[in-house]
Amino acid sequence: AAAAGDDGVGTAAAGAEAAAKRERVVAAKWAGSAPELPTRSSGAVDGRVGSAMAEAGAARASEGAATANASKQIATMGETCPLGSGIWDKLREEAKADLEREPALASYLYSTILAHKKVEDVLAFVLANKLASTVLLDSQLLELFSAQYRKHKHLTRMMLADMQAVFERDPACDRYLAIVLFFKGFQAIQAQRVAHSLWLDDRKPLAFLLQNRISEVFHVDIHPGAVLGQGMMMDHATGVVIGETAVVGENVSILHGVTLGGTGTSKGDRHPKIGDGVVIGAGVTILGNIKVGKNSKIGAGSVVLEEIGEACTAVGIPAKVISRSPSETQPSLSMDQTSYMSDYFI
């Protein structure tokens, strides 16, 4: 019986590892840096987690050559994209299908998707219209977002990884079009990434203005100084607060009502550091400059005041580690928020 249980754990871990590998490689493929993969319904991909996207820093060094290469793929307006035939073709295909089914959406789908020739243009247009106000014109924001996407090429790669994360992890999502147009968690992350690029460019007043509009429109308050890793999903997103010195690793899943906050009045590094592959349940509060180790999960409603190690499950107020599972790989990908908690009572 014990041997059978071990086999079950091994199979689950292998499945999670394969899912992680597949998600990262698919995102990389759409960024033009990975081989062709099967569709979402195909079998899992074998191999180790993270090989496809782990060298983002090195990729930035060769950005100029890659961009020049990619630009040769551009043909007529709205038909091709420097990112190749992956996500852009899928977005256009889905938009055209919706247009045929619902002609009343023709103008909306044309202006948001079909009139553009690359995915970053779509995001710039969507975010500019979402965040515009009577004193902050959509045309101003469109130019701002477009300029930042041109200047910081990694923003597009991170956006594609985030999009793939939502598609793979959210069972309510079966189309990329919905992610771009309707998922406010995804939109808030992309807007914060642009605000963060402005922060690093020492354009802090403009970064703060974007933060303010993101908070007002999406009900998500993320400081422009916060660092968000790629492959991040914020499900539902309402009420998420992330402080200035917080760092969120890669492939992290966060649900609504989560706070990554500071404590006290001291300045400096004062916010949580979240490792890769962590899943943080709804309503979790994590306070102070403490670490949550990679591959850990924090149960819904918990208050974390002390460091959580790697591959741990923590729950409660204050949160306590109730199990350690080194064999579990990136629970953020499976969105499993209840395993190892069934025997825990307060």
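Before reading on, note that the structure itself is shown above.
About the thresholds
Residues numbered from 1 in each chain as written. Predicted model: local features only at pLDDT ≥ 70, side-chain atom pairs only at ≥ 80, totals over all residues. Heavy atoms only, no water. Helix = DSSP H or I, 4+ residues; strand = E, 2+ residues; numbered from the N terminus. Buried < 20%, exposed > 50% of the residue type's maximum accessible area, 1.4 Å probe, protein only. Contact = heavy atoms within 4.5 Å. Areas by Shrake-Rupley, 256 points an atom, 1.4 Å probe, with all protein chains shown as cover. Pairing = 2+ DSSP bridges. Expected span 1.5 Å × (residues − 1).

A. Expanded view of the overall build of the protein. Counting its secondary structure elements, the protein contains 12 helices and 15 strands. Taken across its 346 residues, the protein has 49% of its residues classed as buried. Considering only residue pairs separated by 6 or more positions, the protein has 52% of its internal contacts joining residues 24 or more positions apart. In the structure as shown, the protein presents an accessible area of about 15,600 Å², 55% of it carried by carbon and sulfur atoms.

B. Structural view of the sheet that holds strand β4 (residues 241–242). Taken together, the five strands give an open sheet; going across it, the order is β1-β4-β7-β10-β13, and neighbouring strands pair in parallel fashion. The sheet is open, and its two edges are formed by β1 (221–222) and β13 (303–304), each paired on a single side. Two elements, strand β7 (residues 259–261) and strand β10 (residues 285–287), share three bridges in a ladder whose sense is parallel. Residue pairing for β10: Thr 259 is matched across the bridge by Thr 285.

C. View of helix α6 (residues 119–131). For α6, which comprises 13 residues, the first-to-last C-alpha distance of 18 Å matches the rise-based estimate of 18 Å (1.5 Å per residue) to within 8%. Those residues of α6 that fall on the buried side of the exposure criterion are Val 119, Glu 120, Val 122, Leu 123, Ala 124, Val 126, Leu 127, Ala 128 and Leu 131.

D. Expanded view of the sheet that holds strand β3 (residues 233–235). The sheet built from six strands is open, its strands ordered β3-β6-β9-β12-β14-β15 with mixed pairing. At either end of the open sheet lies a strand with only one pairing partner, and these are β3 and β15 (320–324). Note that strand β9 (residues 279–280) and strand β12 (residues 297–298) share two bridges and pair parallel. Note on β12: the bridge partner recorded for Ile 280 is Ile 298.

Interpretation in functional terms is not warranted from these geometric data alone.
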